[in-house]
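Read off the chains here:
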Amino acid sequence: MTRGTIQNRDAFLQTIAERLGRSPRLSGVSRPQWDCAPQWTVFAGYSQDDLLNVLQKQCGLIHTDYIETTSAELAGALRRQVAAYGGGPVIVPDDPRFAEYGLSALLRDEWPAEQTTVHIWNPALGRQNIDAAEQANVGIAFSDITLAESGTVVLFSRNEQGRAIHFLPKTYIAIVPKSTVVPRMTQAAAVIHEQIEKGGLVPSCINFITGPSNSADIEMNLVVGVHGPMKAAYIVVTDR
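If you're wondering where the values come from, they're calculated on a predicted model, not measured in any experiment.

Undergrad: What is the right way to look at the overall build of the protein in this model?
TA: From N to C terminus, the protein includes eight helices and twelve strands. Along the first, second and third principal axes, the C-alpha set of the protein runs to 70 × 45 × 45 Å. Split into buried and exposed, the 240 residues of the protein put 39% on the buried side. A sequence separation of at least 24 residues applies to 76% of the contacts in the protein between residues at least 6 apart. For the protein, the computed accessible surface area is about 13900 Å², with 51% contributed by carbon and sulfur atoms. For the protein, the separation between the mean place of its 20 positive charges and that of its 24 negative charges on side chains is 6 Å.

Undergrad: Is there a simple way to explain the packing of helix α3 (residues 74–84) against helix α5 (residues 104–113) in this structure?
TA: The relative placement of two packed helices is expressed as an angle between their axes plus a distance between the axes. With their axes 12 Å apart at the nearest point, α3 and α5 run at an angle of 50° to one another. The orientation of α3 relative to α5 falls into the category oblique. Seen along the crossing, α3 lies across α5 with a hand that is right-handed. On α5, the residues touching A75, L78, R79 and V82 of α3 are L106, E110 and W111. Considering only residue class, the contact of α3 with α5 consists of five nonpolar, no polar and two charged.

Undergrad: For this particular structure, what's the right way to read the pairing of strand β12 (residues 231–237)?
TA: The side chains of a regular strand alternate between both faces of the sheet. Burial runs high along β12: six of the seven residues are buried. Where strand β1 (residues 65–69) lies against β12, five bridges are found, and the strand directions are parallel. Paired with Y66 across the two strands is Y234, which belongs to β12.

Undergrad: Can you walk me through the pattern of salt bridges in this structure?
TA: When the charged atoms of two side chains lie near each other, side chains of opposite charge can form a pair. For the structure shown, the criterion picks out eleven salt bridges. Close ionic contact of R79 with E110 constitutes a salt bridge, the shortest N to O distance being 2.9 Å. Linking R79 in helix α3 with E110 in helix α5, this pair joins segments that are 31 residues apart in sequence. Ionic pairing is found between D144 and R97, a salt bridge with its closest N-O pair at 3.1 Å. Residue D144 is found in the loop between β4 (138–142) and β5 (145–147), and its partner R97 is found in helix α4 (residues 97–100); the two are separated by 47 residues along the sequence. We classify R97 as buried; its relative accessible area is 17%. Each of D95, R97, D144, R158 and E160 takes part in a single network of salt bridges with overlapping partners.

Rules and cut-offs
- Residues numbered from 1 in each chain as written.
- Predicted model: local features only at pLDDT ≥ 70, side-chain atom pairs only at ≥ 80, totals over all residues.
- Heavy atoms only, no water.
- Helix = DSSP H or I, 4+ residues; strand = E, 2+ residues; numbered from the N terminus.
- Buried < 20%, exposed > 50% of the residue type's maximum accessible area, 1.4 Å probe, protein only.
- Contact = heavy atoms within 4.5 Å.
- Areas by Shrake-Rupley, 256 points an atom, 1.4 Å probe, with all protein chains shown as cover.
- Lys, Arg positive; Asp, Glu negative; His and termini not counted.
- Charge placed at Lys NZ, Arg CZ, Asp CG, Glu CD.
- Axes fitted to C-alpha atoms, helices over the stretch in contact; angles between N-to-C directions.
- Parallel < 35°, antiparallel > 145°, perpendicular 65-115°, else oblique.
- Left-handed = near helix turned anticlockwise from the far one by under 90°.
- Nonpolar A, V, L, I, M, F, W, Y, C, P; charged D, E, K, R; others polar.
- Pairing = 2+ DSSP bridges.
- Salt bridge = Lys/Arg side-chain N within 4 Å of Asp/Glu carboxyl O.

What follows is the structure, given as structure tokens:
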């Protein structure tokens, strides 16, 4: 991503420094080392299996179906879950992980042969992708980071994966490699910060999705499935 030009930075910093009663500090600034950092101690020492147990319990609280499978059985598990949600149309990003996890035949051959429409996001199609997402019954994508504490999947948007995939279909399935599971938001933020420090490409949009859409605006009465996917499932791939 090309870095933009910062406008009026010196004047802005000068104003802040004046309000603080000191001169601007433009160098030699380091992050403080806090004596207490409780955000890092939540689930400290937990193994990946321990974190999966936390994730599974949290899924029960956020009305999300939780399925464990292996990479060899993933296609079958995905097929069953899509059927449980009423079948297609299906929309997916153009993600090489579908091929890496053995799902290409299902998406490109088996489902189309069964008259199940599969739309693979193509940036060249523009608005047609959003139309396909609106018409889709199931959106499917891989989680990039998964937060055990809250049952949240983190998804990085890019040209081949528009955010409409996650929000417009009636139901949603996230494929969760076990290796992506971390304790909480703290670790996700650290991963994103590390990518920035390394000069990596920062996604234009980072989506944090915690189960199906819900709201408790009216007297704290929870209503699930109000302005997005009405149902959600996480299929955890335990050997990846």
